[in-house]
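Chain residues, written in single-letter form:
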Amino acid sequence: MANLKKFFFILIQCTFGLGQTLMGFFVFLFLIKKPHGFYRGCVDTKWDSRSGLSLGLFIFTPSETISDSQKIRVHEYGHCVQSLVLGPLYLFVGIISVTWAGLPYFEKLRREKNLPYTSCFVESWASRWGERVTGDVAIWD
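Draft legend 1. Just helix α6 (residues 121-134), in detail. With 14 residues, α6 should cover 20 Å at 1.5 Å per step; its first-to-last C-alpha distance of 20 Å lies within 8% of that length. V122, E123, S124, W125, A126, S127, W129, G130 and T134 are the residues of α6 that are buried. Looking at the buried side of α6, the elements it contacts are β1 (36-39), α3 (69-86) and α4 (90-102).

This is the structure:
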(Lines give C-alpha, C1' and ligand atoms only; values in the text may rest on other atoms or scores of the structure.)
Protein backbone atom coordinates (compact mmCIF):
# COMPACT_ATOMS: atom_id res chain seq x y z
CA MET A 1 0.00 0.00 0.00
CA ALA A 2 2.82 2.42 0.85
CA ASN A 3 4.44 1.78 -2.55
CA LEU A 4 1.14 2.52 -4.27
CA LYS A 5 0.87 5.83 -2.38
CA LYS A 6 4.41 6.77 -3.42
CA PHE A 7 3.64 5.82 -7.02
CA PHE A 8 0.60 8.11 -7.11
CA PHE A 9 2.48 10.86 -5.28
CA ILE A 10 5.20 10.79 -7.95
CA LEU A 11 2.70 10.45 -10.79
CA ILE A 12 0.67 13.47 -9.65
CA GLN A 13 3.78 15.58 -9.06
CA CYS A 14 5.00 14.71 -12.57
CA THR A 15 1.66 15.49 -14.25
CA PHE A 16 -0.54 17.92 -12.27
CA GLY A 17 2.57 19.48 -10.68
CA LEU A 18 4.72 19.28 -13.81
CA GLY A 19 5.73 22.96 -13.87
CA GLN A 20 7.23 23.06 -10.39
CA THR A 21 8.66 19.53 -10.72
CA LEU A 22 10.52 20.57 -13.89
CA MET A 23 11.89 23.66 -12.14
CA GLY A 24 12.93 21.44 -9.22
CA PHE A 25 14.63 19.03 -11.60
CA PHE A 26 16.73 21.85 -13.08
CA VAL A 27 17.75 23.05 -9.60
CA PHE A 28 18.55 19.41 -8.76
CA LEU A 29 20.80 19.18 -11.85
CA PHE A 30 22.53 22.42 -10.85
CA LEU A 31 23.20 20.89 -7.40
CA ILE A 32 23.95 17.38 -8.67
CA LYS A 33 27.19 17.11 -6.67
CA LYS A 34 25.41 17.79 -3.36
CA PRO A 35 24.17 14.90 -1.20
CA HIS A 36 20.74 13.54 -2.18
CA GLY A 37 18.30 11.16 -0.58
CA PHE A 38 14.60 10.39 -0.52
CA TYR A 39 12.08 11.72 1.94
CA ARG A 40 8.55 10.34 1.70
CA GLY A 41 8.65 10.13 -2.09
CA CYS A 42 10.54 13.40 -2.67
CA VAL A 43 14.12 13.82 -3.76
CA ASP A 44 15.77 15.66 -0.86
CA THR A 45 18.96 17.54 -1.73
CA LYS A 46 21.15 18.93 1.04
CA TRP A 47 22.40 22.34 0.01
CA ASP A 48 24.54 25.10 1.50
CA SER A 49 21.68 27.23 2.74
CA ARG A 50 20.03 27.59 6.14
CA SER A 51 16.61 27.67 4.48
CA GLY A 52 14.62 25.27 2.33
CA LEU A 53 12.95 25.19 -1.05
CA SER A 54 10.26 22.93 -2.43
CA LEU A 55 9.56 22.48 -6.13
CA GLY A 56 7.17 19.63 -6.87
CA LEU A 57 8.95 16.34 -6.42
CA PHE A 58 12.16 18.02 -5.21
CA ILE A 59 12.98 19.55 -1.86
CA PHE A 60 16.19 21.35 -0.98
CA THR A 61 17.06 21.44 2.70
CA PRO A 62 20.00 22.35 4.92
CA SER A 63 22.40 19.67 6.11
CA GLU A 64 21.86 17.99 9.47
CA THR A 65 24.51 20.31 10.97
CA ILE A 66 21.82 23.03 11.03
CA SER A 67 19.83 22.63 14.24
CA ASP A 68 16.34 22.83 12.68
CA SER A 69 17.10 20.93 9.47
CA GLN A 70 14.56 18.15 10.17
CA LYS A 71 11.83 20.70 11.00
CA ILE A 72 12.64 22.57 7.80
CA ARG A 73 12.38 19.31 5.84
CA VAL A 74 8.91 18.67 7.28
CA HIS A 75 7.90 22.23 6.35
CA GLU A 76 9.19 21.79 2.79
CA TYR A 77 7.32 18.51 2.54
CA GLY A 78 4.20 20.48 3.46
CA HIS A 79 4.87 22.61 0.38
CA CYS A 80 5.03 19.34 -1.62
CA VAL A 81 1.53 18.56 -0.40
CA GLN A 82 0.43 22.04 -1.49
CA SER A 83 1.89 21.28 -4.92
CA LEU A 84 0.00 18.00 -5.01
CA VAL A 85 -3.32 19.70 -4.24
CA LEU A 86 -2.90 22.91 -6.23
CA GLY A 87 -1.02 21.67 -9.28
CA PRO A 88 -0.31 24.60 -11.60
CA LEU A 89 -1.79 27.04 -9.07
CA TYR A 90 1.15 26.25 -6.79
CA LEU A 91 2.91 28.99 -8.75
CA PHE A 92 1.02 31.51 -6.60
CA VAL A 93 2.21 29.81 -3.40
CA GLY A 94 5.76 29.98 -4.75
CA ILE A 95 5.50 33.68 -5.61
CA ILE A 96 4.08 34.53 -2.18
CA SER A 97 6.65 32.36 -0.42
CA VAL A 98 9.67 33.73 -2.28
CA THR A 99 8.41 37.30 -1.82
CA TRP A 100 7.82 36.80 1.91
CA ALA A 101 11.21 35.13 2.37
CA GLY A 102 13.42 37.33 0.23
CA LEU A 103 12.09 40.85 -0.12
CA PRO A 104 14.00 43.21 2.19
CA TYR A 105 10.71 44.94 3.10
CA PHE A 106 9.28 41.71 4.53
CA GLU A 107 12.57 40.72 6.17
CA LYS A 108 12.55 44.09 7.97
CA LEU A 109 8.86 43.74 8.86
CA ARG A 110 9.43 40.29 10.39
CA ARG A 111 12.43 41.53 12.34
CA GLU A 112 10.84 44.77 13.62
CA LYS A 113 7.50 43.22 14.57
CA ASN A 114 9.11 39.97 15.75
CA LEU A 115 6.92 37.96 13.38
CA PRO A 116 7.60 34.29 12.82
CA TYR A 117 8.24 33.20 9.25
CA THR A 118 5.01 31.20 9.40
CA SER A 119 2.91 34.30 10.03
CA CYS A 120 2.48 34.28 6.24
CA PHE A 121 -0.50 32.03 5.49
CA VAL A 122 1.20 29.88 2.83
CA GLU A 123 4.06 29.16 5.25
CA SER A 124 1.83 28.22 8.20
CA TRP A 125 -0.22 26.10 5.81
CA ALA A 126 2.96 24.25 4.73
CA SER A 127 4.07 23.61 8.31
CA ARG A 128 0.59 22.44 9.30
CA TRP A 129 0.28 20.04 6.37
CA GLY A 130 3.84 18.83 6.76
CA GLU A 131 3.12 17.93 10.38
CA ARG A 132 -0.23 16.34 9.58
CA VAL A 133 1.12 14.14 6.79
CA THR A 134 4.45 13.13 8.34
CA GLY A 135 3.56 13.09 12.03
CA ASP A 136 6.79 15.02 12.69
CA VAL A 137 7.29 18.56 13.96
CA ALA A 138 7.77 21.35 11.40
CA ILE A 139 9.48 24.70 11.78
CA TRP A 140 7.20 27.48 13.03
CA ASP A 141 9.55 30.44 13.57
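Draft legend 2. Examining the environment of I10 more closely. Assignment of secondary structure puts I10 in helix α1 (residues 2-15). Each C-alpha atom, one on I10 and one on M23, is 15 Å from the other, the two residues being 13 residues apart in sequence. I10 has contacts with G41 and L57, leaving out every residue within four places of it along the chain.

Draft legend 3. Looking closely at the pattern of salt bridges. Counted according to the given criterion, the structure contains five salt bridges. Its salt-bridge partner being D44, residue K46 comes within 3.2 Å of it at the nearest N-O pair. We classify K46 as buried; its relative accessible area is 11%. Exposure remark for D44: the relative accessible area of 3% places this residue in the buried category. Close ionic contact of K108 with E112 constitutes a salt bridge, the shortest N to O distance being 3.8 Å.

Draft legend 4. Local environment of the confidence of the model for the protein chain. Predicted confidence across the protein chain gives a mean pLDDT of 95, with 99% of residues reaching 70 or more. Looking over the protein chain, one finds the lowest element-wise mean pLDDT in α1, namely 92, and the highest in helix α2 (residues 18-30), namely 98.

Draft legend 5. Geometry of the side chain of H79. Among the secondary structure elements, H79 is positioned in helix α3. Judged by relative accessible area, which is 3%, H79 ranks as buried. There is a polar contact of 2.5 Å between the side chain of H79 and the side chain of Q82. A polar contact of 3.0 Å, which involves the side chain of H79, links it to the side chain of E123. For H79, the residues in contact, after removing those within four places along its chain, are S54, Y90, V93, S97, V122, E123 and A126.

Draft legend 6. Inspection of the pairing of β1 at higher detail. Sheet analysis places β1 next to strand β2 (residues 42-47), joined by four bridges and oriented antiparallel. Bridge pairing in β2 places Y39 opposite C42. The turn linking β1 back onto β2 is made up of two residues, and R40 within it adopts a positive phi angle of 50°.

Reading the values: the criteria
- Residues numbered from 1 in each chain as written.
- Predicted model: local features only at pLDDT ≥ 70, side-chain atom pairs only at ≥ 80, totals over all residues.
- Heavy atoms only, no water.
- Helix = DSSP H or I, 4+ residues; strand = E, 2+ residues; numbered from the N terminus.
- Expected span 1.5 Å × (residues − 1).
- Buried < 20%, exposed > 50% of the residue type's maximum accessible area, 1.4 Å probe, protein only.
- Contact = heavy atoms within 4.5 Å.
- Salt bridge = Lys/Arg side-chain N within 4 Å of Asp/Glu carboxyl O.
- pLDDT = per-residue confidence, 0-100.
- Polar contact = N/O pair within 3.5 Å; in protein donor to acceptor, adjacent residues only side chain to side chain.
- Pairing = 2+ DSSP bridges.

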